[in-house]
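Structure assessment
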Amino acid sequence: MKYRGFGLGKTGKMWENEIRIRGVYLLLEKLLPEEHVNSILDIQPEELKKRGIKGVLTDLDNTLVAWNEAHLTPELVKWFAAFKEAGISVMILSNNNERRVKKFSDQADIPYIYRARKPLPFAFKRAMKKMNLSKEELVVIGDQIMTDVWGGNQIGAHTILVAPVASTDGWATKMNRRMERMVLSRMRRKGWIKWED
Ligand SMILES: [Mg+2]
């Protein structure tokens, strides 16, 4: 004799599926950027200002320059200057080590946080405090959904995904990219995103 609700039963299984699907959806939502651009240079301060943004928290590797490139480009010098002029503060938030992040940030004279452990929210919150801004006033920019976008969404900031500067990655990023490709193809199938790889 079979009892309904015994073990998982039919209804139980349905619920289990429901919870699983909702869980995936909740996670996918947290990985979805508000916007996608091909280059960080496409992000302009005037536009952000109109949306009430007062601070930018940007990733370094493959967002500003290639992960193995130590030098600032003239275009980025102009980009940083434009934000300064517009009164939007910029901070670099990187999972990379102090030597790498300091060397780059000092050239640009931009404050930074290294070994940020993105997507964990702690460094994001520390940055917010340092900048004295609320989450609504902050945009998080980066080339990875598993670190930059996920972290930014977790603290409730605006998020912009940038196409990576180089087609190669550092060792720590390679595994994230595999997950990212799976997530992106799922989002694409659902029609959540329109941009190409
Ligand atoms: Mg990066």
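**Points about the sheet that holds strand β3 (residues 89-93)**
The 6 strands lie next to each other as β1-β6-β5-β2-β3-β4, forming an open sheet whose pairing is parallel. Every interior strand has two partners, whereas the edge strands, β1 (35-37) and β4 (112-113), have only one. In this structure, strand β2 (residues 55-58) lies alongside strand β5 (residues 138-142), joined through 4 bridges in parallel fashion. Directly across from Thr 58, in β5, lies its bridge partner Ile 141. Set on the sheet, helix α5 (residues 122-131) makes contact with β2, β3, β4 and β5; between it and β3 the angle comes to about 155 degrees.

**Regarding the domain arrangement of the protein**
Here the protein is described as being made up of domain 1 (1-31) and domain 2 (33-189). In this structure, domain 1 and domain 2 have C-alpha centres spaced 36 Å apart.

**Remarks on the nonpolar core**
With 37 residues, the main nonpolar core has Leu 57, Leu 93, Ala 127, Val 139 and Ile 141 as its most contacted residues. If sequence neighbours within four positions are ignored, Leu 93 has contacts with Leu 57, Thr 58, Asp 59, Ile 113, Ala 116, Lys 118, Ala 123, Phe 124 and Ala 127.

**A closer look at the pairing of strand β6 (residues 158-162)**
The side chains of a regular strand alternate, first on one face of the sheet and then on the other. In terms of burial, β6 is largely enclosed, as 5 of its 5 residues are buried. With burial as the criterion, each face of β6 is covered, one bearing His 158, Ile 160 and Val 162 and the other bearing Thr 159 and Leu 161. Where β1 and β6 come together, 3 bridges link them in parallel fashion. Bridge pairing links Val 37 to Val 162 in β6. As paired strands, β5 and β6 are joined by 4 bridges and run parallel to one another. Bridge pairing in β6 places Ile 141 opposite Ile 160. One crossover worth recording links β5 to the parallel β6 by way of helix α6 (residues 145-155), and it is right-handed.

**Brief notes about unusual backbone geometry**
Geometrically, the link from Lys 118 to Pro 119 is a cis peptide bond, its omega value of 10 degrees lying close to zero. In this structure, Pro 119 sits in the loop between β4 and α5. Positioned with a positive phi, Asp 109 is a non-glycine residue whose angle comes to about 55 degrees. With respect to the helices and strands, the residue Asp 109 is situated in the loop between α4 (98-108) and β4.

About the cut-offs
- Residues numbered from 1 in each chain as written.
- Predicted model: local features only at pLDDT ≥ 70, side-chain atom pairs only at ≥ 80, totals over all residues.
- Pairing = 2+ DSSP bridges.
- Helix = DSSP H or I, 4+ residues; strand = E, 2+ residues; numbered from the N terminus.
- Contact = placed C-beta atoms within 7 Å.
- Axes fitted to C-alpha atoms, helices over the stretch in contact; angles between N-to-C directions.
- Domains from an automatic or database assignment.
- Core = buried A, V, L, I, M, F, W, Y, C linked by C-beta atoms within 7 Å.
- Buried ≥ 20, exposed ≤ 12 C-beta atoms within 10 Å, placed from the backbone.
- Right-handed = clockwise from strand over helix to strand, strands pointing away.

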